[in-house]
Amino acid sequence: MKAFKFLLLGLGVFLLFQTVKTVGAGRTLEEFSGLGWKTLPLFFLYGAIYACNTWGWKHAFPRPLPERVPFRDLFEIRVIGETLNSLIPWAASLGGEPVKAHLLYKKHGVRVSEGLASVLIVHTTFYLSLNAFLLGALAVTRRTHPLPPALRDSVIVFLVGLGICAGV
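1. Observations concerning the packing of aromatic side chains
What the rule picks out here adds up to 5 aromatic pairs. Their ring planes at 65 degrees and their centres at 6.2 Å tell us that Tyr-50 and Phe-75 sit as a pair that is edge-to-face. Of this pair, Tyr-50 sits in helix α3 (residues 39-58) while Phe-75 sits in helix α4 (residues 71-87); the two residues are 25 residues apart in sequence, bridging distant segments of the chain. Joined through ring pairs, the aromatic side chains of Tyr-46, Tyr-50, Phe-71 and Phe-75 make up one cluster. Between the NZ or CZ atom of Lys-100 and the centre of the ring of Trp-57, over which it lies, the distance is 5.6 Å.

In C-alpha cells form, the structure reads like this:
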C-alpha cells in the first residue's frame, strides 16, 4: 500500500510538471507573482472551508460518531473523497462518497449504511443551501445587473427545479 501511495504521489508530481511545462514556467510564475501575497489567504480559506464542511459532516450522521473517530481522520477521509469526486467526471461529483463511507467503516467500524446516509444528508443540505444562495443572489442583483427576461425566467425555473430535486 505504501508503494501505491508513492506511485500516486509520483503521478501527481508528474502531472503538475507536465501542466507547468505545457503552460510554461515563465507564464506560471508571472501569474503567481501578479497575485503576490493575495495567493496565501486562498490556501487558508480553502482549508477553513474543508474544516467547516468536515465539522458539518461529523454532525450529519444518524447516530453520533464514536469518540474514537478523530476530526483529523474525518478531514482526511473527506479530502480523499472530494479528490475522487474531482478526478472522476462521469460520476457526477458523487464517486468519492461511497469511498468515504467505506474508509470510515474500514478505519473506525462505522457502518457503511450510516456513512452513506451522512454523505447523502451533507449533499442534500449543500445543494439546498447553494440553491437558496443563488436565488438570493439573483434577487439582490436583478436591479443592478438586469438579465433579459427569457434568461432570467429560465434561470429561475432551473433553480426552482434544482431545489425541488434536492428536496425530494
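2. Thoughts on the packing of α4 against helix α5 (residues 97-108)
The contact between α4 and α5 brings their axes to 8 Å, and the two run at 150 degrees. As summarised for this structure, α4 and α5 are arranged roughly antiparallel, according to the angle between their axes. Every pair of crossing elements has a handedness; the one defined by α4 and α5 is right-handed. On α5, the residues touching Asp-73, Leu-74, Glu-76, Ile-77, Arg-78, Ile-80, Gly-81, Glu-82, Leu-84 and Asn-85 of α4 are Glu-97, Val-99, Lys-100, Leu-103, Leu-104, Lys-107 and His-108.

3. Digging into the pattern of salt bridges
Per the stated rule, a full pass over the model turns up 9 salt bridges. A salt bridge links Lys-107 to Asp-73; the nearest nitrogen and oxygen atoms lie 3.6 Å apart. With Lys-107 in helix α5 and Asp-73 in helix α4, this residue pair connects regions lying 34 residues apart in the sequence. Under the relative-accessibility criterion, Asp-73 is labelled buried at 12%. Notably, a salt bridge pairs Glu-97 with Lys-100, separated by 3.0 Å at the nearest N-O pair. Taken together, the residues Glu-97 and Lys-100, both in helix α5 and 3 residues apart, mark about one turn of the helix. Take Glu-97: its relative accessible area is 4%, and that puts it in the buried class. A cluster of three or more residues bridged by salt bridges with shared partners is formed by Arg-27, Glu-30 and Glu-31.

4. Topic: α3
Taking 1.5 Å per residue, 20 residues should reach 28 Å; α3 reaches 29 Å between its end C-alpha atoms and fits that length. Residues Thr-39, Tyr-50, Thr-54 and Trp-57 constitute the buried set of α3. Projected down its long axis, α3 shows its buried positions confined to an angular sector of 70 degrees, all on one face. Facing away from the buried side of α3, by more than 90 degrees, are the exposed residues Leu-40, Phe-44, Cys-52 and Trp-55. On its buried face, α3 is in contact with α2 (25-35), α4, α5 and α6 (112-141).

5. Focus on the side chain of Arg-78
Looking at the element boundaries, Arg-78 is found in helix α4. As a buried residue without a salt bridge, Arg-78 has its nearest oppositely charged side chain in Glu-82, at a separation of 4.3 Å. At 2.6 Å, the side chain of Arg-78 forms a polar contact with the side chain of Asn-53. Apart from the residues lying within four places of it in its own chain, the contact partners of Arg-78 are Tyr-50, Asn-53, Thr-54, Trp-57 and Lys-100.

6. Considerations on the packing of α6 against helix α7 (residues 149-167)
Closest axis-to-axis distance for the α6/α7 pair is 9 Å, and the angle between their directions is 160 degrees. Classified by the interaxial angle, the pair formed by α6 and α7 is roughly antiparallel. The element α6 and its partner α7 pack so that their crossing is left-handed. In this structure, α6 contributes Thr-124, Tyr-127, Leu-128, Asn-131, Leu-134, Leu-135 and Leu-138 to the contact, and α7 contributes Val-155, Ile-156, Leu-159, Leu-162, Gly-163, Ala-166 and Gly-167. Taken together, the residues of the contact of α6 with α7 break down into 10 nonpolar, 4 polar and no charged.

What counts, and at which threshold
- Residues numbered from 1 in each chain as written.
- Predicted model: local features only at pLDDT ≥ 70, side-chain atom pairs only at ≥ 80, totals over all residues.
- Heavy atoms only, no water.
- Phe/Tyr/Trp six-rings, centres within 6.5 Å; stacked < 30°, edge-to-face > 60°.
- Helix = DSSP H or I, 4+ residues; strand = E, 2+ residues; numbered from the N terminus.
- Lys NZ or Arg CZ within 6 Å of the ring centre and 35° of its normal.
- Axes fitted to C-alpha atoms, helices over the stretch in contact; angles between N-to-C directions.
- Parallel < 35°, antiparallel > 145°, perpendicular 65-115°, else oblique.
- Left-handed = near helix turned anticlockwise from the far one by under 90°.
- Contact = heavy atoms within 4.5 Å.
- Salt bridge = Lys/Arg side-chain N within 4 Å of Asp/Glu carboxyl O.
- Buried < 20%, exposed > 50% of the residue type's maximum accessible area, 1.4 Å probe, protein only.
- Expected span 1.5 Å × (residues − 1).
- Arc of directions from axis to C-beta.
- Lys, Arg positive; Asp, Glu negative; His and termini not counted.
- Polar contact = N/O pair within 3.5 Å; in protein donor to acceptor, adjacent residues only side chain to side chain.
- Nonpolar A, V, L, I, M, F, W, Y, C, P; charged D, E, K, R; others polar.

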